[in-house]
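What follows is the residue order along each chain.
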Amino acid sequence: MLEAGRHRHGRPVAGLQERASAKLAEVDAKIADLTTIRTALATAVEAGCDDLTVCASSACCPIPFTDLAEENRHAGPCC
């Protein structure tokens with residue numbers, strides 16, 4: 001970002017604020033996605049899940065993405 005501001009012999013680069021704001025929004029979205037993934041993985045580790053496919057199809061699976069496997073749920077032992 002600093003290098004972009006030095007182009008054109010020290011003159012300001014038009015649109016830098018707009019591009020920086022867009023990139024910041026992109027980074028924030030990636031951080032939010034990674035935080036969601038981290039939370040799901042930590043929950044799986046904490047629950048002792050050894051097979052996410054089996055766990056996700058269990059009614060008592062603690063993983064947040066279990067809604068995706070709603071029709072595959074069955075009663076049975078947890079993870």
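Residues numbered from 1 in each chain as written. Predicted model: local features only at pLDDT ≥ 70, side-chain atom pairs only at ≥ 80, totals over all residues. Heavy atoms only, no water.

A.B. asks: Sorry, what's going on with a nonpolar patch on the surface here?
C.D. replies: Together, Leu34, Ile37 and Leu41 line one region of the surface with nonpolar side chains, adding up to about 300 Å² of accessible area. The topology assignment puts Leu34 in helix 2 (residues 16–47). According to the relative accessible area criterion, Leu34 is exposed, its value standing at 56%. (Patch = residues over 30% accessible without salt bridge, like charges linked within 9 Å, V, L, I, M, F, W, Y side chains within 5 Å. Areas by Shrake-Rupley, 256 points an atom, 1.4 Å probe, with all protein chains shown as cover. Salt bridge = Lys/Arg side-chain N within 4 Å of Asp/Glu carboxyl O. Helix = DSSP H or I, 4+ residues; strand = E, 2+ residues; numbered from the N terminus. Buried < 20%, exposed > 50% of the residue type's maximum accessible area, 1.4 Å probe, protein only.)

A.B. asks: Looking at this structure, how should I read the pattern of salt bridges?
C.D. replies: Should the charged atoms of two oppositely charged side chains come close, the side chains can pair. Under the counting rule described, the total for this entry stands at one salt bridge. For Lys23, the salt bridge goes to Glu26, with nearest N and O atoms at 3.3 Å. Of this pair, Lys23 and Glu26 both sit in helix 2, three residues apart, which is roughly one turn of that helix. According to the relative accessible area criterion, Lys23 is partly exposed, its value standing at 43%.

A.B. asks: Honestly, the environment of Ile63 in this entry has me stumped. Any pointers?
C.D. replies: In this fold, Ile63 is placed in the segment after helix 3 (52–56). Along the primary structure Ile63 and Leu41 are separated by 22 residues, whereas in three dimensions their C-alpha atoms are 8.0 Å apart. The contacts of Ile63, once residues within four sequence positions are left out, are Ala40, Thr43, Ala44, Leu52 and Cys55. (Contact = heavy atoms within 4.5 Å.)

Such coordinate-based values are descriptive only and should not be taken to indicate function.
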